[in-house]
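# Geometric and topological summary
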Amino acid sequence: MALIVKQCLIDCSNSFFVVLQCHNGHTLCSTCKTRVHNRCPTCRQELGDIRCLALEKVAESLELPCKYMLLGCPEIFPYYSKLKHESICNFRPYNCPYAGSECSVVGDIPFLVAHLRDDHKVDMHSGCTFNHRYVKSNPREVENATWMLTVFHCFGQYFCLHFEAFQLGVAPVYMAFLRFMGDEIEARNYSYSLEVGGNGRKLTWEGTPRSIRDSHRRVRDSHDGLIIQRNMALFFSGGDRKELKLRVTGRIWKEQQNPEGGACIPNLCS
């Protein structure tokens, strides 16, 4: 009986595990009850709301592996601690970072890199410096104007460079920002800079990449990146100001701990 409860705990992740029984004493959990349309799968009797408190106590005492065990998590927890852990487990899958559509694909980083390359046809680059030119014939168009996602591979990691237009209040703006394809703690080991300019002027940004655990919209709406007002962007573009031509340059570096003083020193990618 305990083995049946344990399997049910593995298959049915409930924040509050309730064991029910039919009038003949057969048991199953409340989630399974809805799956079998309120009929006991053993005797086909209609199920009520009779709880089996003894088996619920057994459930509380069982220890179970994290559901992301096959993705590498070695942890084992009591059931209710397991649910809390799984919501923040470092081995849980990542959502696809592509922002041009509502992509529902999830997976580990190697899988998502292949998915971005093969399915979204994203530009893939190696190296820790970049120099991109963005051209748009109608700079007043901002609706559905997510322009580009580029993936960079350096320091053995992957980074996503976003560049897009959106409405900030009543004013259209352009924004560039970097996301790290990994967890938040790992992301803090890296820094990046962005620069855009023209006509003897320039704007610069320096910061820490956000993890792709944070959604694209959350990062964008926090304004955590290089933001360029449209008038300034058109000024950088030069010419008759009717076409947007922006060149964005940048670099990524890794912060290393100084073994003598304890301070962080940059490790520049060659």
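The coordinates are above.
Notes on the structure in this doc start here.

Conventions and cut-offs
Residues numbered from 1 in each chain as written. Predicted model: local features only at pLDDT ≥ 70, side-chain atom pairs only at ≥ 80, totals over all residues. Heavy atoms only, no water. Buried < 20%, exposed > 50% of the residue type's maximum accessible area, 1.4 Å probe, protein only. Helix = DSSP H or I, 4+ residues; strand = E, 2+ residues; numbered from the N terminus. Arc of directions from axis to C-beta. Polar contact = N/O pair within 3.5 Å; in protein donor to acceptor, adjacent residues only side chain to side chain. Pairing = 2+ DSSP bridges. Contact = heavy atoms within 4.5 Å. Phe/Tyr/Trp six-rings, centres within 6.5 Å; stacked < 30°, edge-to-face > 60°. Lys NZ or Arg CZ within 6 Å of the ring centre and 35° of its normal.

## Considering helix α5 (residues 109–118)
- Within α5, burial applies to I109, L112, V113, H115 and L116. Down the axis, α5 shows its buried residues gathered within 165° of arc, on one side only.
- The N-capping residue of α5, defined by a side-chain oxygen 3.0 Å from the backbone nitrogen of F111, is D108.

## Focus on the pairing of strand β12 (residues 190–198)
- Of all nine residues that make up β12, seven are buried, and the element is covered over most of its length.
- Between the end of β12 and the start of strand β13 (residues 201–207), which pair antiparallel, lie two residues, with N199 showing a positive phi angle near 55°.

## Quick word on unusual backbone geometry
- With a phi angle near 65°, R44 is a residue other than glycine that sits in the positive phi range.
- As for its position among the elements, R44 is in the loop between α2 (30–35) and α3 (53–61).
- Although it is not a glycine, N199 adopts a positive phi angle of roughly 55°.
- Relative to the assigned elements, N199 resides in the loop between β12 and β13.

## Details of the side chain of H85
- Tracing the chain through its elements places H85 in helix α4 (residues 79–86).
- Those residues in contact with H85, other than ones at most four positions away along the chain, are C66, C73, E75 and F77.

## Focus: the packing of aromatic side chains
- As enumerated under the stated definition, the model contains seven aromatic pairs in all.
- Centroid distance F130 to F152: 4.8 Å. Interplanar angle 35°. Geometry classified as tilted. Of this pair, F130 sits in strand β8 (residues 129–136) while F152 sits in strand β9 (residues 146–154); the two residues are 22 residues apart in sequence, bridging distant segments of the chain.
- Where F235 meets F236, the ring centres are 6.4 Å apart and the plane angle is 50°; that geometry is what we call tilted.
- By relative accessible area, F235 is classed as partly exposed at 29%.
- For F236, a relative accessible area of 6% translates into the label buried.
- Taken together, the aromatic side chains of F155, F159, F180 and Y190 make up a single cluster linked through ring pairs.
- Lying across the ring of Y94, R213 places its NZ or CZ 3.8 Å from the centre.
- One cation-aromatic arrangement involves R220 over F166; the distance from NZ or CZ to the ring centre is 4.6 Å.

## Observations concerning the pairing of strand β11 (residues 171–180)
- For β11, a buried count of nine out of ten residues is recorded, marking the element as mostly surrounded by other parts of the structure.
- Bridge analysis of strand β10 (residues 157–168) against β11 gives ten bridges, and the strand direction is antiparallel. From the neighbouring strand, A165 faces β11, where its bridge partner is Y174.
- The loop that links β10 with its antiparallel partner β11 comprises two residues; one of these, G169, has a positive phi angle of about 70°.
- Bridge analysis of β11 against strand β15 (residues 226–229) gives four bridges, and the strand direction is antiparallel. In the strand pairing of β15, Y174 is matched with I228.
- Pairing of β11 with strand β14 (residues 210–211), which is carried by two bridges, proceeds in the parallel orientation.

By themselves, these observations are geometric and do not establish any function.
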